[in-house]
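What the coordinates show
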Amino acid sequence: MVGVTSQKTMKLLPASRCRATQKVVVGDHDGVVMCFGMKKGEAVTVFKTLPGQKIARLELGGVLNTPQEKIFIAAGSEIRGFTKRGKQFLSFETNLTESIKAMHISGSDLFLSASYIYNHYCDCKDQHYYLSGDKINDVICLPVERVLRDVPVLACQDRVLRVLQGSDVMYEIEVPGPPTVLALHNGNGGDSGEDLLFGTSDGKLGLIQITASRPIHKWEIRNEKKRGGILCVDSFDIVGDGVKDLLVGRDDGMVEVYSFDNTNEPVLRFDQTLSESVTSIQGGCVGKDGYDEIVMSTYSGWVTGLTTEPIHKESGPGEELKINQEMQNKISSLRSELEHLQYKVLQEREKYQQSSHSSKAKSAVPSFSVNDKFTLNKDDASYSLILEVQTAIDNVLIQSDVPIDLLDVDKNSAVVSFSNCDSESNDNFLLATYRCQANTTRLELKIRSIEGQYGTLQAYVTPRIQPKTCQVRQYLIKPLSLHQRTHSIDHDRPMNTLTLTGQFSFAELHSWVVFCLPEVPEKPPAGECVTFYFQNTFLDTQLESTYRKGEGVFKSDNISTISILKDVLSKEATKRKINLNISYEINEVSVKHTLKLIHPKLEYQLLLAKKVQLIDALKELQVHEGNTDFLIPEYRCILEEADHLQEEYKKQPAHLERLYGMITDLFIDKFKFKGTNVKTKVPLLLEILDSYDQNALIAFFDAA
C-alpha cells in the first residue's frame with residue numbers, strides 16, 4: 001500500500017522478455033515514487049524516493065521505437081525523470097502559474113496541461129501554448145512515429161475534445177459527457193494510428209478517429225447500468241485471443257473488461273467491484289511468470305491485481321502436499337506481517353499520545369484526504385454527491401439552507417437519520433446524518449433541488465480516527481441548478497427573451513451567469529462575446545445565453561426560467577450598485593409548449609401513485625379469495641409488478657409535488673410578466689391538477 005493516489009499515477013515497466021514478470025511503479029500524494037516487484041507473493045521494493053510535492057501524473061517515456069522505461073512524474077509545476085533503477089536524471093521547472101494536472105510524453109516531446117493552460121515542450125524548450133475556455137482534464141498526442149506529425153488532443157470539461165495544431169485549435173469534437181480520460185486505442189492508436197479512446201465523468205466510453213480534416217465517430221458505449229465515471233483505460237490482451245481487450249476503471253470501484261466482436265464493437269466480458277475508486281489500470285504480468293494480470297491502484301493507495309492464474313490447480317498426490325505447504329507458508333507470512341503492523345500501530349499510537357500530551361506540542365489534529373464529486377445526472381435530474389476518504393468513514397452530516405430531497409441510492413449501506421429543522425429561525429431546511437458501517441471509505445448520496453431556490457449544501461465528514469476530527473465541504477445549489485450545458489438547442493421552439501443592458505463589464509456579467517448556472521467556467525472566455533446553451537434535465541426545456549460588455553440576452557421556452565434569471569440578476573446587480581435596464585418579450589405559445597412537455601411526466605406520476613395506492617387493497621383481496629383469477633388483467637398486472645412499482649415510487653419522493661410546483665410557478669410567472677397577481681387562484685389550479693386533464697389545464701391557463 002502507498003499513500004493516496006491521483007488519476008493515472010501507476011504504470012508497469014516493460015518486461016525484459018516475453019511474459020516475464022514486470023515491476024510496478026506508482027506515485028502518491030506524499031510525493032513518493034515507489035517501484036516494486038513481486039517475489040513469492042511478497043512485494044519487494046526496487047526503489048523508493050523521498051517525500052515531496054503531491055504527484056498528479058506519472059508517465060513512462062524514452063526514445064521512440066525503444067522500450068519506454070524512463071519514469072516521468074508531474075508534481076506542482078515541476079517535471080522529474082527517473083531511470084528504472086530510481087536514479088533521477090531530470091528536474092525541469094516549467095514555471096507554470098498553475099499546478100500540472102495532466103501530462104503526455106512522446107520521445108523528447110512533453111505535453112502538459114494545468115487547469116486552463118496547455119504547453120508543449122521539446123527537449124525542455126517551450127514550443128506551443130494554448131489557453132482553453134474551460135478546464136482541461138487530460139491531454140494526449142497521437143503517436144508521432146505513425147502519423148508523422150504532432151497532434152495533441154485536449155479533453156475539456158465543456159464536453160469537447162480540442163484537436164490542436166501548434167498553438168491553434170484545428171477542430172473541436174463534441175462528446176456526450178465531460179471527458180475525464182484519453183487513451184490511444186490498442187496503446188498505439190489502432191490500425192491507422194489515429195484512433196483515440198475517451199471516457200467521461202458520467203460513465204460513457206467512446207472511440208473516435210482523429211483524421212487530418214475531421215473526426216470519425218466509430219462507437220460509443222452508453223452507461224446503461226448507471227455505473228461511475230471513468231478514470232482510467234488501458235488496452236491489453238487479458239482474454240488471450242490475440243486481440244487487445246479494453247480495461248476500464250471507474251470512480252465507483254468498478255473494473256470492466258471489454259472484448260471486441262467481429263464488427264469491432266466492444267462487448268462486456270468481465271466486471272469486478274472494488275470498494276473504492278480505481279485511479280489507474282494496467283494489463284501485464286506481475287505476480288508470476290506466464291500469468292497475465294490486471295493491476296489497479298485505488299484512491300487510498302492500494303495496488304491490487306486480478307490474475308489469470310488458476311486458483312484451484314489440478315494436481316497428483318505428490319503435488320498436493322507441496323500446494324498445502326505453499327498455502328501454509330503464505331498464511332504464516334501474512335500472520336507475521338499482521339503482527340508486525342499491529343506492533344507498529346501500537347508504537348505510533350504511544351508516540352502520538354506522548355507528543356499530544358507534551359507541553360510543547362502544537363495542535364495534533366490528524367489530517368486526512370477527502371475526494372469529493374458533486375455532479376448533475378441528466379437521466380433523473382438529480383445531483384450525485386460522492387465522498388471518498390483515505391480511511392474508514394464514521395459518519396457524514398448533511399446540512400442545507402435550501403429545500404432539497406435526499407433520494408435512495410442502492411449502493412448506499414449507511415443508516416440515515418433526520419433531525420427536525422427550524423427553517424425560519426436558522427435557515428436549516430435539512431439536517432441528516434449518515435452513519436457508515438465499518439470499513440466504508442466511499443459514500444454516495446443523491447439529491448434533488450428545486451429551481452429558483454438557491455444556497456449552500458454542506459457535508460461534515462468524520463472518519464474513524466482518533467482524536468475525532470472533521471472536514472467540512474461546501475457545494476453551491478445554484479438558482480438554475482437542474483440546467484446542464486449542451487452543444488446545441490432547437491431554435492424552432494417558442495422562446496421568451498430577457499434582455500439586460502447597463503454599465504457592467506463582460507467579466508461582471510459572466511460572474512452572474514456562473515452564479516446562476518452550473519457547468520460554466522469560472523474564468524471569462526476569450527473574446528468579446530460568448531454564447532452558452534443549456535437544457536433543463538427535469539423538463540427538457542432549454543436556455544440560450546448570449547452576452548458581451550453592457551448587454552446580456554437570455555432566451556428560453558420556459559417562462560419560469562426567465563423569471564428566475566430576472567429576479568436573481570436584478571438582485572446581484574443591486575448588490576454591486578449597478579443600474580440595470582431590463583426588458584422582456586413573452587411568447588404566449590411557450591406556456592402551452594411547456595405544459596405539453598410536463599404532460600407525459602405528470603400523467604406517468606399520477607398513474608404510478610394511483611397504482612401504488614391500490615396495491616394494499618388488491619393484496620387483501622388476493623388473501624381473502626385465495627387467487628387473482630377474478631381480477632381484471634389491469635389489476636393482476638399491478639399485483640405482479642407490486643414490488644417494482646413500490647420501489648420506483650420510493651425512489652422518487654415528492655416527484656408529483658415537484659411537478660405540481662412547476663405548473664404553479666409557470667402559472668404565477670405567466671401573469672407576473674403581465675403585472676397581475678394570481679396567487680388567489682392557485683387553490684383552483686390545484687383542484688384541476690387533482691382531477692388532471694391536459695385540455696382542462698390549458699383552458700384554465702388561457703382563461704385566467
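Owing to the predicted nature of the structure, the values given are computational and were not obtained by experimental measurement.

1. Let's talk about the sheet that holds strand S13 (residues 136-141)
If you trace the four strands from one edge of the open sheet to the other, you get S13-S14-S15-S16, paired in antiparallel fashion. Each having just a single partner strand, S13 and strand S16 (168-174) make up the two edges of the open sheet. With strand direction ignored, the average angle separating the axes of adjacent strands in the sheet is 25°. For S13 and strand S14 (residues 152-156), the ladder comprises five bridges, and the chain directions are antiparallel. Paired with cysteine 141 across the strands is proline 152, a residue of S14.

2. Focus on the packing of aromatic side chains
Following the criterion strictly, the structure yields 14 aromatic pairs and no others. Each ring, one from phenylalanine 72 and one from phenylalanine 89, has its centre 5.7 Å from the other, and the planes form 85°; the classification is edge-to-face. You can see phenylalanine 72 sitting in strand S6 (residues 70-75) and its partner phenylalanine 89 sitting in strand S8 (residues 88-93), a full 17 residues away along the chain. Residue classification places phenylalanine 89 among the partly exposed residues on the basis of a relative accessible area of 38%. Taking 5.3 Å as the distance between ring centres and 75° as the angle between the ring planes, the aromatic pair formed by phenylalanine 667 and phenylalanine 701 counts as edge-to-face.

3. Focus: the nonpolar core
Ranked by size, the top nonpolar core spans 81 residues in total, and within it Leu385, Ile398, Leu602, Ile663, Leu697 and Phe701 carry the most contacts. Sorting elements by how many residues they give to this core places helix H9 (residues 655-672) first, with eight residues. In contact with leucine 385, not counting residues within four places along its chain, are Lys373, Phe374, Ile398, Leu443, Glu444, Leu445, Ile447, Leu457, Ala459 and Tyr475.

4. Quick notes on the sheet that holds strand S40 (residues 542-548)
Reading across from one edge, S37-S39-S40-S41-S38-S42 is the order of the six strands in this open sheet, with antiparallel pairing throughout. Two strands bound the open sheet, and with one partner strand each, they are strand S37 (483-486) and strand S42 (580-585). Strand after strand, the sheet turns through a mean of 20° between neighbouring axes, direction not considered. For S37 and strand S39 (residues 529-536), the ladder comprises four bridges, and the chain directions are antiparallel.

5. Side note on the environment of leucine 606
Summarising the element assignment, leucine 606 is placed in helix H6 (residues 589-625). Sequence spacing of leucine 606 and leucine 656 is 50 residues, and the spatial spacing of their C-alpha atoms is 7.2 Å. In this view, leucine 606 contacts Leu656, Tyr660 and Tyr692; residues no more than four positions away in its chain are not counted.

6. Notes on the packing of H6 against helix H7 (residues 633-640)
Running from N to C, H6 and H7 cross one another at 95°; their axes reach a closest spacing of 9 Å. It follows from the interaxial angle that H6 and H7 lie roughly perpendicular. Across from Lys611, Leu614, Ile615, Leu618, Lys619 and Gln622 in H6, the residues of H7 making contact are Tyr635, Ile638 and Leu639.

7. Description of the domain arrangement of the protein
Looking at the protein, the domain boundaries give domain 1 (8-230), domain 2 (372-477), domain 3 (483-586) and domain 4 (589-703). Centre-to-centre, using C-alpha coordinates, domain 3 lies 32 Å away from domain 4. Listed as interface residues are 17 residues of domain 3 and, on the opposing side, 18 residues of domain 4. At the boundary of domain 3 with domain 4, total buried surface from both sides reaches about 1500 Å², with 69% on carbon and sulfur atoms. Sorting the residues of domain 3 by area buried against domain 4 places Phe538, Leu539 and Ile559 first, and these three jointly supply 42% of that buried surface.

8. Quick look at the pattern of salt bridges
Between side chains of opposite charge, a pair can form when the charged atoms approach closely. The tally for this structure, following the rule as stated, stands at 35 salt bridges. Between lysine 204 and aspartate 202 there is a salt bridge, with its nearest N and O atoms 2.9 Å apart. Judged by its relative accessible area of 14%, lysine 204 is buried. Exposure remark for aspartate 202: the relative accessible area of 29% places this residue in the partly exposed category. With its nearest N and O atoms 3.7 Å apart, the salt bridge here joins aspartate 379 to lysine 226. Of the two residues, aspartate 379 sits in the loop between strand S28 (370-377) and strand S29 (382-389) while lysine 226 sits in the loop between strand S20 (215-221) and strand S21 (230-236), which places them 153 residues apart along the sequence.

9. Let's talk about the UniProt feature "domain: BBS7 beta-propeller" (unreviewed entry) in the protein
Following the UniProt record, the feature "domain: BBS7 beta-propeller" (unreviewed entry) maps to residues 10-308 here. Span residues 10-308 is 1% helix and 55% strand, its end C-alpha atoms 20 Å apart.

Thresholds applied
Residues numbered from 1 in each chain as written. Predicted model: local features only at pLDDT ≥ 70, side-chain atom pairs only at ≥ 80, totals over all residues. Heavy atoms only, no water. Pairing = 2+ DSSP bridges. Helix = DSSP H or I, 4+ residues; strand = E, 2+ residues; numbered from the N terminus. Axes fitted to C-alpha atoms, helices over the stretch in contact; angles between N-to-C directions. Phe/Tyr/Trp six-rings, centres within 6.5 Å; stacked < 30°, edge-to-face > 60°. Buried < 20%, exposed > 50% of the residue type's maximum accessible area, 1.4 Å probe, protein only. Core = buried A, V, L, I, M, F, W, Y, C linked by side-chain atoms within 4.5 Å. Contact = heavy atoms within 4.5 Å. Parallel < 35°, antiparallel > 145°, perpendicular 65-115°, else oblique. Domains from an automatic or database assignment. Buried area = accessible area lost by both parts, 1.4 Å probe. Salt bridge = Lys/Arg side-chain N within 4 Å of Asp/Glu carboxyl O. UniProt positions renumbered as here; feature names shortened; annotations may be inferred.

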